[in-house]
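Coordinate inspection notes
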Amino acid sequence: LRAAPFHITRLACSDVEAAEGRLRLNAQLTGSFDGAPVQADARLQLGGATPAVEANLRLSGFAVDRARIDLPTGFESLRATLDVRATYASQTTPPRQALQLDARLTEPRLGGASGMELSARSIALPGMVINLLQHRIDLGAVALDAPALSLALTADGLVLPLPATSGAGTSAWVVRSGAVE
């Protein structure tokens with residue numbers, strides 16, 4: 001991964017209240033993340049007995065490629081356009097710190113050795129949840145529109161889309177999905 005510029009073109013705060021070691025405010029933001037438009041709003045309550053953050057963010061037309069994301073072994077190229085709506089709430093019942101996403105990748109292409117490619121017209125993940133406390137990512141239902149898989153047949157045999165690994169490392173995060181259609 002690389003650093004990416006986040007530019008704020010407008011930041012407005014309202015209903016600001018600071019008293020007794022506590023700060024409350026509402027904020028709205030517009031700007032861009034690495035050239036893609038961003039809109040966000042947040043309600044913050046910092047300090048006091050019940051600190052809480054509620055935030056919503058919308059990112060549109062973000063170009064995803066190999067320069068922005070490190071690829072797993074065996075993959076050589078990546079491109080897609082990402083549109084995402086994200087909601088974060090720190091004060092929920094039961095208590096959790098979760099980021100809820102409604103994401104859509106348009107024209108995703110993931111290429112590998114010898115011409116292998118995974119692609120689709122779009123991939124929608126309308127119910128993704130990232131639980132920051134439990135290190136879990138639940139992709140929810142995954143909707144594939146016009147998926148395509150190109151495999152390569154070489155002198156060494158069929159090149160599969162995912163490279164075979166042995167003794168793979170462990171991750172502190174767990175990723176699961178619902179139905180893939």
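In the block above lies the structure referred to throughout.
A short tour of the structure in this document, coming up. (Residues numbered from 1 in each chain as written. Predicted model: local features only at pLDDT ≥ 70, side-chain atom pairs only at ≥ 80, totals over all residues. Heavy atoms only, no water.)

**Here's the deal with the nonpolar core**
Ranked by internal contacts, the top residues of the largest apolar core, which has 19 residues, are Leu59, Phe62, Leu82, Val84 and Leu101. Broken down by secondary-structure element, the contributors of at least two residues to this core are strand S3 (36-47), strand S4 (52-65), strand S5 (75-89), strand S6 (98-112) and strand S8 (122-131). Apart from residues lying up to four places away in sequence, Leu59 is in contact with Phe33, Ala36, Pro37, Val38, Leu82, Asp83 and Val84. (Core = buried A, V, L, I, M, F, W, Y, C linked by side-chain atoms within 4.5 Å. Buried < 20%, exposed > 50% of the residue type's maximum accessible area, 1.4 Å probe, protein only. Helix = DSSP H or I, 4+ residues; strand = E, 2+ residues; numbered from the N terminus. Contact = heavy atoms within 4.5 Å.)

**Describing the layout of surface pockets**
Of the volumes computed, that of the largest pocket is approximately 1600 Å³. Looking at the lining of the largest pocket, the elements with two or more residues in it are S4, S5, S6, strand S7 (117-119), S8 and strand S11 (148-150). With seven residues, S6 is the largest single contributor of residues to the lining of the largest pocket. Residue composition of the lining of the largest pocket, by class: 37 nonpolar, three polar and five charged. (1 Å grid on protein atoms, 1.4 Å probe; cavity = no way out; pocket = protein on both sides within 12 Å on 5 of 7 lines; lining within 4 Å. Points joined across faces, edges and corners; volume = space filled by probe spheres on them. Nonpolar A, V, L, I, M, F, W, Y, C, P; charged D, E, K, R; others polar.)

**Some words on the pattern of salt bridges**
A pair can form between side chains of opposite charge whenever their charged atoms are brought close. Inspection of the entire model under this criterion finds nine salt bridges. A salt bridge links Arg43 to Asp41; the shortest N-O distance between them is 3.1 Å. Under the relative-accessibility criterion, Arg43 is labelled partly exposed at 34%. (Salt bridge = Lys/Arg side-chain N within 4 Å of Asp/Glu carboxyl O.)

**Observations concerning the side chain of Asn131**
For Asn131, the position within the fold is in strand S8. At a separation of 3.0 Å, a polar atom in the side chain of Asn131 contacts the main-chain amide nitrogen of Leu133. (Polar contact = N/O pair within 3.5 Å; in protein donor to acceptor, adjacent residues only side chain to side chain.)

**Let's talk about a nonpolar patch on the surface**
On the surface, Leu149, Leu151, Leu153 and Leu158 cluster together into a nonpolar patch covering about 420 Å² of accessible area. Mapped onto the elements of the fold, Leu153 is located in strand S12 (residues 152-154). Judged by its relative accessible area of 74%, Leu153 is exposed. (Patch = residues over 30% accessible without salt bridge, like charges linked within 9 Å, V, L, I, M, F, W, Y side chains within 5 Å. Areas by Shrake-Rupley, 256 points an atom, 1.4 Å probe, with all protein chains shown as cover.)

**A few points about the pairing of S8**
Of all ten residues in S8, seven are buried, a share of seventy percent or more. Sheet analysis places S6 next to S8, joined by eight bridges and oriented antiparallel. Counterpart to Gln100 in the pairing with S8 is Val129. As defined by bridge partners, S8 adjoins strand S10 (residues 143-145) across three bridges and the pair is classed as antiparallel. In the sheet register, Ile123 faces S10, and the bridge partner there is Leu144. One ladder, built from three bridges, connects S8 with strand S9 (residues 136-138); its direction is antiparallel. Among the inter-strand pairings, Val129 is bridged to a residue of S9, identified as Asp138. In sequence, S8 turns back onto S9 through a hairpin of four residues, with His135 there showing a positive phi of about 55 degrees. (Pairing = 2+ DSSP bridges.)

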